[in-house]
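# Observations on chain architecture
Here's the letter readout for the chains.
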Amino acid sequence: MKLLHIDSSITGNNSASRKLTQQIVEAWVAKHPDTQVEYLDLVVDTPNHFTMAAMAPRTGQTEGLSAEQVAENAVSEKLVSQFLAADVVVIGAPFYNFTIPTQLKAWIDRIAQPGRTFRYTANGPEGLAKGKTVIVASSRGGVYSTSEAMQALEHQESYLKVVMGFFGITDVRFVRAEGLGMGPEAVAAAFEKAANDVKAVTAA
């Protein structure tokens, strides 16, 4: 079994989502000792934002590619191959300005490839990355899960669930620590709940 461990928080050792992904991976490996873990830190190895140079090979252009197009395509190929090879993907996704970090969005833009992770058919789009388990470690300064008004502002977990579903992945699990900007008691309660979530998502 192969597990891809991804972090995208910019705050290093102070990151809540990095702490959670580490706990998830450790719990998963404890239950599945044969797991091979590969690590991707999107802050250290950030793919360039999506450009026409990265897009060109996907449009069917194979001749006359520039050096930049060849290089950008190599980055996309490496990332999508890594993603497709994984049975389990653990994603650290902090909440920045109502959504995910741009580093994580840049990664998604690289792996969203027609013919690799999805395709269009006469009946609509079909995901091609079926059978994977994705576990998202979600961290938030506020509380967005308990009211419709706050849920309407949340484009982090909802976005990731839609994107992974578009890729054909139906087993998307969440470990959430929210209210982290609301004082020590809220932080302690958030991590206590998250610890229980880690047990639940890795036991299934």
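Owing to the predicted nature of the structure, the values given are computational and were not obtained by experimental measurement. (Residues numbered from 1 in each chain as written. Predicted model: local features only at pLDDT ≥ 70, side-chain atom pairs only at ≥ 80, totals over all residues. Heavy atoms only, no water.)

## Things to note about the nonpolar core
Condition: Take the buried Ala, Val, Leu, Ile, Met, Phe, Trp, Tyr and Cys residues and link them wherever side-chain atoms come within 4.5 Å; each set so joined is a nonpolar core. For each residue, the accessible area found with a 1.4 Å probe, counting protein chains only, is set against the maximum for its type, and the residue is called buried under 20%, exposed over 50%, and partly exposed in between. We count a stretch as a helix when DSSP gives it H or I for four or more residues in a row; a strand needs E for two or more, and each element gets its number in order from the N terminus. By definition, residues are in contact when any of their heavy atoms lie within 4.5 Å.
Judged by nonpolar contacts, the single largest core of 26 residues is most densely connected at F83, I91, L104, W107, M164 and F167. Of all the secondary structure elements, the ones that give two or more residues to this core are strand 1 (2-7), helix 3 (67-85), strand 3 (88-94), helix 4 (102-111), strand 6 (133-139) and helix 6 (157-166). Looking at this core element by element, the count peaks at 4 residues for helix 4. Apart from residues lying up to four places away in sequence, I91 is in contact with I6, T21, L104, W107, V134, I135, V136, A137 and M164. With 17 residues, the next largest nonpolar core counts A16, L20, V25 and I135 among its residues.

## What about the UniProt feature "binding site: FMN" (unreviewed entry) in the protein chain?
Selection criterion: UniProt positions are given in the numbering used here, feature names are shortened, and annotations may be inferred rather than shown by experiment.
UniProt records the feature "binding site: FMN" (unreviewed entry) at S9, S15, A16, S17, S139, R140, G141 and G142, using the numbering of this structure. Along the chain, the position of S9 falls in the loop between strand 1 and helix 1 (16-31). A relative accessible area of 2% places S9 in the buried class. If we ignore the near neighbours within four places in the chain, the residues touching S9 are S15, S17, R18, V43, P94 and Y96.

## Focus on the packing of aromatic side chains
Note the following rule: For Phe, Tyr and Trp, where Trp contributes only its six-membered ring, two rings pair if their centres lie within 6.5 Å, and the inter-plane angle classes them as stacked under 30 degrees, edge-to-face over 60, or tilted in between. As a reminder, the over-ring test applies to NZ of lysine and CZ of arginine, requiring each to be within 6 Å of the ring centre and within 35 degrees of the ring normal.
One pass over the structure, following the stated rule, counts 7 aromatic pairs. Aromatic side chains F83 and F167 sit 6.0 Å apart centroid to centroid with 65 degrees between the ring planes, which places their arrangement in the edge-to-face category. Placement of the pair is F83 in helix 3 and F167 in the loop between helix 6 and strand 7 (171-177), with a sequence separation of 84 residues. Considered together, F83 and F167 belong to a single accessibility category, that of buried residues. Measuring from ring centre to ring centre gives 4.8 Å for F118 and F166, while their planes differ by 50 degrees; the resulting arrangement is tilted. Here F118 is found in strand 4 (residues 118-121), whereas its partner F166 is found in helix 6, with 48 residues between them in sequence. For F118, a relative accessible area of 7% translates into the label buried. Aromatic rings pair up to connect F83, W107, F118, Y120, F166 and F167 into one cluster. The ring of F95 carries the charged tip of R140 above its face, separated from the ring centre by 5.8 Å.

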